[in-house]
Amino acid sequence: MRGMTTNLTIGERVAWYRRRRGMSQEVLAGLVGRTVDWLSRAENNRMELEPTLGHQDSGRCP
């Protein structure tokens, strides 16, 4: 398993791990507080995603 996702974009990696866990876009979008449309655009590289290390405070309450 190790190294299987090293050549994927961030969005492709999110989709790969989501599918691996058997999770729908609806469920993951709800867990991360985003819409299904946002998650779909992120997974399909139709938006710019910045990798971060750890949690970054977005100013929103959990």
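In case you missed it, the structure is sitting above this.
Summarised in this report is the structure supplied together with it. Every value quoted in this text rests on a predicted model; they were computed, and no experiment measured them.

### Re a nonpolar patch on the surface
At step 1: Taken together, the side chains of V27, L31 and V32 make up a nonpolar region of the molecular surface, amounting to roughly 280 Å² of accessible area.
At step 2: As for its placement among the helices and strands, L31 is situated in helix α2 (residues 25-32).
At step 3: Overall, the relative accessible area of 62% leaves L31 in the exposed class.

### Some details on the packing of aromatic side chains
At step 1: Scanning the entire structure with this criterion turns up one aromatic pair.
At step 2: Centroid distance W16 to Y17: 4.8 Å. Interplanar angle 85 degrees. Geometry classified as edge-to-face.
At step 3: Classification of W16 as partly exposed rests on a relative accessible area of 24%.
At step 4: The class of Y17 is partly exposed, set by a relative accessible area of 39%.
At step 5: Taking NZ or CZ as reference, R34 lies 4.5 Å from the ring centre of W38, over its face.

### Focus on the side chain of S40
At step 1: Secondary-structure assignment places S40 in helix α3 (residues 36-43).
At step 2: Contact partners of S40, with chain neighbours within four places excluded, come to Q25 and R46.

Conventions we followed
Residues numbered from 1 in each chain as written. Predicted model: local features only at pLDDT ≥ 70, side-chain atom pairs only at ≥ 80, totals over all residues. Heavy atoms only, no water. Patch = residues over 30% accessible without salt bridge, like charges linked within 9 Å, V, L, I, M, F, W, Y side chains within 5 Å. Areas by Shrake-Rupley, 256 points an atom, 1.4 Å probe, with all protein chains shown as cover. Salt bridge = Lys/Arg side-chain N within 4 Å of Asp/Glu carboxyl O. Helix = DSSP H or I, 4+ residues; strand = E, 2+ residues; numbered from the N terminus. Buried < 20%, exposed > 50% of the residue type's maximum accessible area, 1.4 Å probe, protein only. Phe/Tyr/Trp six-rings, centres within 6.5 Å; stacked < 30°, edge-to-face > 60°. Lys NZ or Arg CZ within 6 Å of the ring centre and 35° of its normal. Contact = heavy atoms within 4.5 Å.

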